[in-house]
Amino acid sequence: MRNPTSLPSSLYTCKSLVILKLKDQILVAAVPRMACLPSLKTLFLRRVDYSYESSLQELLSICPVLENLFVERDGLEEYSCYFKTLSVIVPSLLRLTLKISRGSQFDELVIDTPSLKYFKITDYKGEYETEGSDDSYSFNFKDMPNLEEADIISTYPDIDKFVRSITSVKRLSLCVRVNAEEALYPDGIVFNQLENLKLCPCDSNWSKLLVRLLKDSPNLRELEVSLNDDHKNSCVDPPVCWENQLNCVPECLLSTLGTFKWTGIHGSPKVMDLAKYILRNARCLKTATILFQSALETEDEQEPGPNKDFIRFSSVPLQYHSSPLFFFYKLVFMSMIKTPSLKSTKNLGISEEMDKISQFPDELLLKVLQFLPTRTAVSTSVLSKRWEFLWMWLPKLEYDNTDQSSSELHRLRAFLHLNLPLHRAPAIEIFRLKFVNIPTGIFKPKDIKLWVVIALSRCVRELSLNLRCMCRATSLPSSLYICKSLVVLNLIGDEISVDVPRTASLPSLRTLLLRRVVYSHLNENSLHRLLSCCPVLEDLVLERCSMDYMGESEIFRTVDVTIPSLQRLALEIPRDVDMDELVVNTPSLKYFKLVAEEDSYSYDFQDMSKLEVADIETTFPDINKFVTSITSVKRLSLCVRINAEEEEALYSEGIVFNQLENLKLCPCDANWSKLLVRFLENSPHLRELEIDLNDDHKDSYVDPLVCLENQLNYVPECLRSSLETFKWTGIHGSQKEIELVKYILRNACCLKTATILFQSTTPETEDKRKMMIQELLLSSRSSTTCQLVFD
């Protein structure tokens, strides 16, 4: 017999208490009149006793800011009084968990929590009623308009009343055992927000409930059928035929459902018909995972040893699925393999009908494996002899340290040393290594070098290395720089050393990414030598770092990108890089992105007559020289911080952007508004104009210094004939800003949309914001079809 401990009255007046957890042999007596727990946010009550029926609600009522509540009752609280009503009335509550075990005694459950976002109830009160007993109770759930997630395990006599209170949920896990036809809620209830549904098939009406929920959840994205752990022996075959139950395909199957998972499937015909219905009608399905229950070994051919789980590959004819490629390349049936010794499916009673996928040709199975992570593809070798070496023909190999422990990484290193030299694919098209943020010493430079050599010997087309785990820089093999098959080369990390020999030649390389690597050659610019050996290079991404050369070479202080074939170029130069000159000579360039924080270098940009898109964020001492080289652009994003006064900050007159249609300007420089005036004058075909601060310049905003009315002697051609979209993000609302916006609205004759997004406002500035919006709404507009959008 328990002897519960009474709590001191001072507990109920503790102003500092934020978390209170009470468990077993504790008596919650009458709450004192002056009680108050003003700071309590989390309350945990597990199998405690209550002196009075009202003790629980009295305790809750003195917690004005309570957000998280856990209550468990098991019917063994000897000192508790009989609860006629179990009430949880807490206006501030955000998370509520109720656990009601068998034997709990009460007649009514009342929940009134208007702020609730998460609700979990596990109710076994009436699961095993004895003859003559009545464990049923009524319940009163108030509306929960903010509820986002509900996890329900319970036996309710009236699911209709309960369902009406949770229609706002986004995630719903449901296990209800009602055993009555009236278990289904009536038509007319819609779950517009529901995106994730998990249903336990332990009740005879579960499939009917699933039909109803699919019809009433138009935005459902994830569907899971899974038995709760303590209901493993309670799975009920779906009693309905879906073709007869559904007059039309539910909206969620036609437009939103992307993931379907069934755990512990038995494989009966009714079950398979249900799974096939989902596959046949879910047009947006990306992943279907079927996890079968353990197979029963045949009595005649039962092998000694532990039971073995196996993969049952269920054949779904192509005509059953709206997207045939989905079945072959995305639908991979998985199981819980417990014994790596599993070698054959024949002795486990798998018929040829159930293993049709293994009868497909190798070419098709390899395409299936290519859509899996390499780690998963390798694991299929334990399925059967048919699959044992299939993965070794994969043309794509990708290894990384994501979610791997040190012991797993050591095993990966041993695995690569053993298996990579024996890989059977005649050509490795893609080879990727990503080892970052792991203990040093697990992978050594000589390991990386060996694996790269093997990939190069197999005519690799894409080689990607992302290394931040070595104790010293990894020097790449010289054979890399003469690989004729290489098309894509990605090198990331300051532990990769680029040392280009004089005989280098990469005749097929089209894409090159060099991010924060080091250049080890002391006598010549290794970067320039690497670029010059790529005659067909089209795409280059280059990010420098402060220590990207070894030694005291002065030649590398000039970055020279001279590539006649280049079409896309992205350069990133941090502030701490010591550089004197940037030379860009790329006559075929179509896309150019430059992020350069360094402001003490000169540059030489040759003519880019084919340039279409430019994204520039830098500090230039002479913008005129730069602008002259990009006059052919169609799309321009510009953030220049010049720190010069008057006209030196602007490019000279006479430069015209005849092709420019889209301009985005960052207002972080003192002269940005003057630059805007110049662009409006010189861009006669401009269609879209956007003013938006870059994320890292939020504290550098500068009010427009000029009045467009005074600066412009005439209305620019683009305002009179082409500008259709104007957007200003992060506007402060100063008078100069408002005047600039009004000038655009007053003169842009073809404007269709003007979007003004204000900075975050406080209650004190909200009135000012409303006044500015009203002023803009009342301002004159040349375009009668212009739509004003505010936020």
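Quantities reported herein were computed from a predicted structural model and do not represent experimental measurements. (Residues numbered from 1 in each chain as written. Predicted model: local features only at pLDDT ≥ 70, side-chain atom pairs only at ≥ 80, totals over all residues. Heavy atoms only, no water.)

**Q** Any chance you could explain the overall build of the chain here in plain terms?
**A** Helices and strands together make up the secondary structure of the chain, namely 18 helices and 38 strands. Looking at the chain residue by residue over its 791 residues, the buried ones come to 51%. Taking the contacts inside the chain whose residues are at least 6 apart along the sequence as the reference set, 66% of them involve residues at least 24 apart. Of the roughly 37100 Å² that the chain leaves accessible, carbon and sulfur atoms contribute 49%. (Helix = DSSP H or I, 4+ residues; strand = E, 2+ residues; numbered from the N terminus. Buried < 20%, exposed > 50% of the residue type's maximum accessible area, 1.4 Å probe, protein only. Contact = heavy atoms within 4.5 Å. Areas by Shrake-Rupley, 256 points an atom, 1.4 Å probe, with all protein chains shown as cover.)

**Q** Sorry, what's going on with the environment of Leu291 here?
**A** Within the secondary structure layout, Leu291 lies in strand S17 (residues 287-292). A C-alpha to C-alpha distance of 7.9 Å links Leu291 and Lys261, two positions 30 residues apart in sequence.

**Q** So what exactly am I meant to see when it comes to the sheet that holds strand S12 (residues 149-154) here?
**A** Two orientations exist for strands paired in a sheet by backbone hydrogen bonds: parallel and antiparallel. In space, the eleven strands of this open sheet follow the order S2-S4-S6-S8-S10-S12-S13-S14-S15-S16-S17, with parallel pairing throughout. Lying at the two open borders of the sheet, with one neighbouring strand each, are strand S2 (19-23) and S17. Across the sheet, the mean angle separating the axes of adjacent strands is 5° when strand polarity is ignored. Relative to strand S13 (residues 171-176), S12 runs parallel, the two sharing six bridges. Note that in S13 the partner of Asp151 across the bridge is Ser173. (Pairing = 2+ DSSP bridges. Axes fitted to C-alpha atoms, helices over the stretch in contact; angles between N-to-C directions.)

**Q** Explanation requested: the sheet that holds strand S5 (residues 49-50) in the structure shown.
**A** Read from one edge to the other, the open sheet built from three strands follows the order S1-S3-S5, with strand pairing classed as parallel. Strands with a single pairing partner mark the edges of an open sheet, and in this sheet they are strand S1 (5-6) and S5. Taken together, the two bridges between S1 and strand S3 (residues 26-28) define a ladder with parallel strand orientation. Paired with Ser6 across the strands is Leu27, a residue of S3.

**Q** Is there a simple way to explain the nonpolar core in this structure?
**A** The nonpolar side chains of a soluble globular protein tend to be buried, and buried together. By size, the foremost hydrophobic cluster in this structure holds 129 residues, and its most contacted members are Phe431, Phe435, Leu582, Phe592 and Phe726. Ignoring any residue separated from it by four or fewer positions in sequence, one finds Phe431 in contact with Leu397, Tyr399, Leu420, Trp451, Ala455, Val460, Glu462, Leu463 and Ser464. With 82 residues, the next largest nonpolar core counts Leu96, Phe106, Phe141 and Ile152 among its residues. (Core = buried A, V, L, I, M, F, W, Y, C linked by side-chain atoms within 4.5 Å.)

**Q** Just checking my understanding: could you explain helix H11 (residues 445-457) for this structure?
**A** Since the α-helix packs 3.6 residues into each turn, any two residues three or four apart lie on the same face. With 13 residues, H11 extends 18 Å between its outermost C-alpha atoms, agreeing within 8% with the 18 Å of an ideal straight helix rising 1.5 Å per residue. Those residues of H11 lying buried are Pro445, Asp447, Ile448, Trp451, Val452, Ile454, Ala455 and Leu456. Residues of H11 that are buried in the fold lie against helix H10 (406-419), strand S19 (430-436), strand S20 (462-468) and strand S21 (474-475). (Expected span 1.5 Å × (residues − 1).)

**Q** Help me understand the packing of H10 against H11 in this model?
**A** Helix-helix packing: each pair is described by the crossing angle between the helix axes and the interaxial distance. Their axes nearest at 11 Å, the elements H10 and H11 cross at an angle of 40°. For the pair H10 and H11, the crossing hand works out as left-handed. Here Arg413, Leu416 and His417 of H10 lie close against H11, whose contacting residues are Asp447, Leu450 and Trp451. Its residues assigned to classes, the contact of H10 with H11 comprises three nonpolar, one polar and two charged. (Left-handed = near helix turned anticlockwise from the far one by under 90°. Nonpolar A, V, L, I, M, F, W, Y, C, P; charged D, E, K, R; others polar.)

**Q** Quick question: what am I supposed to make of helix H3 (residues 206-215) here?
**A** Counting buried residues in H3 gives eight out of ten residues, a clear majority hidden from the surface. When we look at burial in H3, the residues that qualify are Trp206, Ser207, Leu209, Leu210, Val211, Arg212, Leu213 and Leu214.

**Q** Even after reading the chapter, I still don't get the packing of aromatic side chains, so can you show me in this structure?
**A** Here the distance between the centres and the angle between the planes together describe a pair of aromatic rings. Inspection of every chain in the model, using the stated rule, returns eight aromatic pairs. Aromatic side chains Phe435 and Phe443 sit 4.0 Å apart centroid to centroid with 10° between the ring planes, which places their arrangement in the stacked category. Here the two residues Phe435 and Phe443 agree in accessibility, since each one is buried. Aromatic pair Phe443 and Trp451: ring centres 5.9 Å apart, planes at 75°, arrangement edge-to-face. For the pair Phe443 and Trp451, one class covers both residues: buried. (Phe/Tyr/Trp six-rings, centres within 6.5 Å; stacked < 30°, edge-to-face > 60°.)

**Q** In this structure, what is going on with unusual backbone geometry? I would like to understand it.
**A** Trans peptide bonds make up most of the peptide bonds, and negative phi angles are found at most residues other than glycine. Residue Arg47 is not a glycine yet carries a positive backbone phi of 55°. Of note, the phi angle at Arg516 is positive, near 60°, even though the residue is not glycine. Along the chain, Arg516 falls in the loop between strand S24 (511-515) and strand S25 (518-519).

**Q** Honestly, the side chain of Thr755 in this entry has me stumped. Any pointers?
**A** By secondary structure assignment, the location of Thr755 is in strand S37 (residues 753-758). In this structure Thr755 comes out as buried when scored by relative accessible area, which is 14%. Filtering out sequence-adjacent residues up to four positions away, Thr755 remains in contact with Phe726, Lys727, Trp728 and Val789.

**Q** For this particular structure, what's the right way to read the pairing of S24?
**A** Taken residue by residue, a regular strand's side chains alternate between the two faces of the sheet. Across five bridges, strand S22 (residues 488-492) lies against S24 in parallel orientation. Counterpart to Val488 in the pairing with S24 is Thr511. The pairing of S24 with strand S26 (residues 539-543) spans five bridges and is classified as parallel. Following the sheet pairing, Leu514 is matched in S26 by Leu542.

**Q** It is not clear to me how the pairing of S22 should be interpreted in this structure. Could you clarify?
**A** Extensive coverage of S22 is indicated by the burial of four of its five residues. As defined by bridge partners, S20 adjoins S22 across five bridges and the pair is classed as parallel. Across the sheet, residue Leu465 finds its bridge partner in S22, namely Leu491.

**Q** Mind showing me how you'd approach the pattern of salt bridges here?
**A** Pairing is possible between side chains of opposite charge, provided their charged atoms come close. Enumeration over the complete set of coordinates arrives at 18 salt bridges. Residues Arg678 and Glu681 are paired through a salt bridge, measuring 3.9 Å at the closest nitrogen-oxygen approach. Of the two residues, Arg678 and Glu681 are both situated in helix H14 (residues 672-682); the distance of three residues between them amounts to about one turn of the helix. Taking relative accessible area as the criterion, Arg678 reaches 9% and is therefore assigned buried. Ionic pairing is found between Glu766 and Arg769, a salt bridge with its closest N-O pair at 3.1 Å. Placement of the pair is Glu766 and Arg769 together in helix H18 (residues 763-778), with a separation of three residues, close to one helical turn. Residue classification places Glu766 among the partly exposed positions, given a relative accessible area of 23%. Each of Asp24, Arg46, Arg47 and Glu72 takes part in one network of salt bridges that share partners. (Salt bridge = Lys/Arg side-chain N within 4 Å of Asp/Glu carboxyl O.)

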